[in-house]
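# Examining the three-dimensional arrangement
The primary structure of each chain is shown beneath.
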Amino acid sequence: QVQLVESGGGLVQPGGSLRLSCAASGSISSISAMGWYRQGPGKQRELVAAIATGGSTNYADPVKGRFTISRDNAKNTVYLQMNSLKVEDTAVYYCNARLMQWSPLRTMDYWGRGTQVTVSS
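Residues numbered from 1 in each chain as written. Predicted model: local features only at pLDDT ≥ 70, side-chain atom pairs only at ≥ 80, totals over all residues. Heavy atoms only, no water.

## Notes on the packing of aromatic side chains
Selection rule: Under the pairing criterion, centres of Phe, Tyr and Trp rings, with the six-membered ring standing for Trp, must be within 6.5 Å; the plane angle then separates stacked pairs below 30 degrees from edge-to-face pairs above 60, leaving the rest tilted. Secondary structure elements follow DSSP: runs of H or I of four or more residues count as helices, runs of E of two or more count as strands, with numbering from the N terminus. Each ring is checked for a lysine NZ or an arginine CZ that lies within 6 Å of its centre and within 35 degrees of its normal; such an atom marks a charge sitting over the ring.
One pass over the structure, following the stated rule, counts one aromatic pair. A centroid spacing of 5.0 Å and a plane angle of 70° characterise the contact between Tyr 37 and Trp 111, whose relative ring orientation is edge-to-face. Of this pair, Tyr 37 sits in strand β4 (residues 31-39) while Trp 111 sits in strand β10 (residues 105-111), and the two are 74 residues apart along the sequence. Lying across the ring of Tyr 94, Arg 45 places its NZ or CZ 3.8 Å from the centre.

## Some words on the pattern of salt bridges
Basically, it comes down to this: For this analysis, a salt bridge means a side-chain nitrogen from Lys or Arg found within 4 Å of a carboxyl oxygen belonging to Asp or Glu. Under the scheme applied here, a residue whose accessible area is under 20% of the maximum for its type counts as buried, over 50% as exposed, and between as partly exposed, the area being computed with a 1.4 Å probe on protein chains only.
This structure, assessed with the given rule, holds five salt bridges. Salt-bridge contacts for Arg 66 lead to Asp 89; the nearest nitrogen and oxygen are separated by 2.8 Å. Taken together, the residues span a long stretch of sequence, with Arg 66 in the loop between β6 (57-59) and β7 (67-72) and Asp 89 in the loop between β8 (77-82) and β9 (91-102) at a distance of 23 residues. Across the pair, Asp 89 and Arg 66 agree in class, each one buried. With a closest N to O distance of 3.0 Å, Arg 98 and Asp 109 form a salt bridge. Here the residue Arg 98 occupies a position in strand β9, and Asp 109 occupies one in strand β10, the gap between them amounting to eleven residues. We classify Arg 98 as partly exposed; its relative accessible area is 35%.

## What to know about the sheet that holds strand β1 (residues 2-7)
For the record, the criterion: Any two strands with at least two DSSP-identified bridges between them are counted as paired. Fitted lines through C-alpha atoms give the axes, limited to the stretch in contact for helices. The angle between two N-to-C directions lies from 0 to 180 degrees.
Taken together, four strands build an open sheet; the order of strands is β1-β3-β8-β7 and the sheet is antiparallel. Where the open sheet ends on each side, the last strands, each with one partner, are β1 and β7. Within this sheet the neighbouring strands show an average axis-to-axis angle of 20°, counted without direction. Sheet topology note: the β1/strand β3 (residues 18-26) ladder contains six bridges and is antiparallel. Bridged to Gln 3 within β3 is Ser 25.

Read these as geometric descriptors, not functional statements.
Next up, the structure:
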């Protein structure tokens, strides 16, 4: 299994920046992709950004050009740099790790506890 620990959330004014971190431990070699999801008040959990083992990235339209996902393999850590934050970015942000098993073919998702990001004046 994989354990995920998020950090870096907090309160920030509109236009400000935050950097989230997610440290992974456990069966790290089985991870095929990692990403960040968020769930705002009264909303469904949604993908924010993801990065695959090969380095390819995927971003949700509302955060393109503002957020950047990156990784540090030596530290087994994924980051989410959030710039030009908006009020609508307020949510609990969750780190996700997707593991792939080939025999039998199966994928498994692991989640961190979540970290609160609040954008407010």
